[in-house]
Amino acid sequence: MVTRVNIGLLSAALHLVTRCLPWLPGDFGIVEDSFNDAEVVPLIVGRWRELFHTTNQPGRVPPLSERLRSIVYRTVEIEGFVMATLAPMEINPELMMKVGVAPTCKFMDVLGFEKDYLKSFSNEVYALLLLFPHTQQHDEFRKNQHDEHKGKEPDGSIYFMKQTIENSCGIVGLIHAAASNKDKLSFDPDSALKSFLDKTADASPDDRAKLLEKTEALCSAHNAIAAEGHCRPNEDGVHFHLVVFTAVNGHLYELDGLTSKPIDHGATSKGKILEDAGKICKQFTEREKGDVRFSSVALVKAA
């Protein structure tokens, strides 16, 4: 039997209940008795506790206006945890540590894509992550790009996965960056990210996406970091998306889970990844005609 629950609605209900009650039962026993699946409520309430974490006063919940952004509408399948939607998240380097990447690398802000500025980076660059407004212009460009790349197959050794969870471009981007540079990174012994990469090493892009939907450790890490941020819906309804640029076997690839395959941007070299990726990023900004809602970070070797 599969039980599906809208966690966002239940979270909101639980919030209202706790406005009236001084505490929430810790063992879930009373609540569980009213459900057929004893596993459902601990998972839901556990997620509720994560999203509406209490202040230093036990049993007190922060004002709804402060935590409303943390209500996430998701689907849970008890027979295999399935995450259908994640919370929106800006680029946050803390996610890397949350999923068990050791501090042998770090993220550095990239404040522009001018050639002279990019040359000022002294750390070895592994990948560049770009967050940008997902607009109609971008969709039109992608369609034309797809037609241009028909018949061009990317390097078969590239780790690539699809994005099937809404708002998951951040965790998908981190997976792409880490998988493409796995030999340069170090991981904690219990790293959720390394475990995922090992399990999906030989999987297809679609199967990797399906496994991510069921990997609670990575989805929970994403949402925990998202809850600490300040991501808000834009009045114009524009959503944001993240892509990764990295080098594989001497070629610069753009990895975007919403495309059908990796995009080959031509030859690059170890010391030119940032510069070459910056040229492509400038094309992103130029397409949006003055929109300044872009941000970027480079995954680099720690000094």
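See the structure shown above.
Residue numbers restart at each chain and count upward from 1, following the sequence in its written direction. Owing to the predicted nature of the model, reporting of local features is limited to residues with pLDDT of at least 70; listing and counting of side-chain atom pairs is limited to 80 or more, with chain, interface and lining totals taken over all residues. With hydrogens and water stripped out, all remaining heavy atoms of the structure feed into the side-chain values.

Comments concerning the pairing of strand 3 (residues 239–248)
Among the 10 residues of strand 3, seven are classified as buried, and the element is accordingly described as predominantly covered. For two strands to be treated as a pair, DSSP must find at least two bridges joining them. Only DSSP runs of H or I with at least four residues qualify as helices, and only runs of E with at least two residues qualify as strands; both kinds are numbered from the N terminus onward. Of the strand pairs in this sheet, strand 2 (residues 125–134) and strand 3 are connected by eight bridges, and their pairing is antiparallel. Bridge pairing in strand 3 links histidine 134 to histidine 239. In the sheet, strand 3 pairs with strand 4 (residues 251–255) via five bridges, with the strands oriented antiparallel. Here the term buried applies to any residue with accessible area under 20% of the maximum for its type, exposed to any over 50%, and partly exposed to those in between, with areas from a 1.4 Å probe on protein chains only.

Some words on the pattern of salt bridges
Throughout this description, the term salt bridge denotes a Lys or Arg side-chain nitrogen within 4 Å of a carboxyl oxygen of Asp or Glu. Scanning all chains against the criterion turns up 12 salt bridges. Across the salt bridge formed by arginine 142 and aspartate 256, the nearest N and O atoms sit 2.9 Å from each other. Pair noted here: arginine 142 is in helix 7 (residues 136–148) and aspartate 256 is in the loop between strand 4 and strand 5 (263–267), with a separation of 114 residues, a long-range link. Arginine 142 gets classed as buried once you look at its relative accessible area, which sits at 11%. Aspartate 147 serves as the salt-bridge partner of lysine 143, at 3.9 Å between the closest nitrogen and oxygen. Within this pair, lysine 143 and its partner aspartate 147 are both found in helix 7, separated by four residues, close to a single helical turn. Residues participating in the shared-partner salt-bridge network are Arg142, Glu254 and Asp256.

Examining the side chain of glutamate 254
By the secondary structure assignment, glutamate 254 is in strand 4. Under the relative-accessibility criterion, glutamate 254 is labelled buried at 1%. In the analysis that follows, any N or O atom pair within 3.5 Å is treated as a polar contact, provided that within protein one partner can donate a hydrogen and the other can accept it, and provided that, for residues neighboring in sequence, both atoms belong to side chains. Looking at glutamate 254, its side chain comes within polar contact range of the side chain of arginine 142, at 2.5 Å. In terms of polar contacts, glutamate 254 uses its side chain to reach the side chain of histidine 265, at 2.7 Å. Among all residues touching glutamate 254, those that are not within four sequence positions of it are Arg142, Val243, Val244, Phe245, Pro262, Ile263, His265, Ile280 and Phe284. By definition, residues are in contact when any of their heavy atoms lie within 4.5 Å.

Focus on the packing of aromatic side chains
Stacked, edge-to-face and tilted are the three classes for Phe, Tyr and Trp ring pairs, Trp counted by its six-membered ring, which pair at centre distances within 6.5 Å; planes under 30 degrees apart are stacked, over 60 edge-to-face, the rest tilted. Across all of its chains, the model carries three aromatic pairs by this definition. With a centroid separation of 4.9 Å and an interplanar angle of 65°, the aromatic rings of phenylalanine 132 and phenylalanine 284 are classed as edge-to-face. Of the two residues, phenylalanine 132 is situated in strand 2 and phenylalanine 284 in helix 12 (residues 273–287); the sequence distance between them amounts to 152 residues. Each ring, one from phenylalanine 245 and one from phenylalanine 284, has its centre 6.3 Å from the other, and the planes form 90°; the classification is edge-to-face. Of the two residues, phenylalanine 245 sits in strand 3 while phenylalanine 284 sits in helix 12, which places them 39 residues apart along the sequence. The burial state of phenylalanine 245 is the same as that of phenylalanine 284; both residues are buried. Ring pairs connect the aromatic residues Phe132, Phe245 and Phe284, which therefore count as one cluster. In our convention, an over-ring charge means Lys NZ or Arg CZ found within 6 Å of a ring centre and within 35 degrees of that ring's normal. Positioned above the aromatic ring of tyrosine 159 is the side chain of arginine 208, whose terminal nitrogen or guanidinium carbon lies 3.8 Å from the ring centre. Directly above the ring of phenylalanine 141 sits arginine 287, whose terminal nitrogen or CZ lies 3.6 Å from the centroid.

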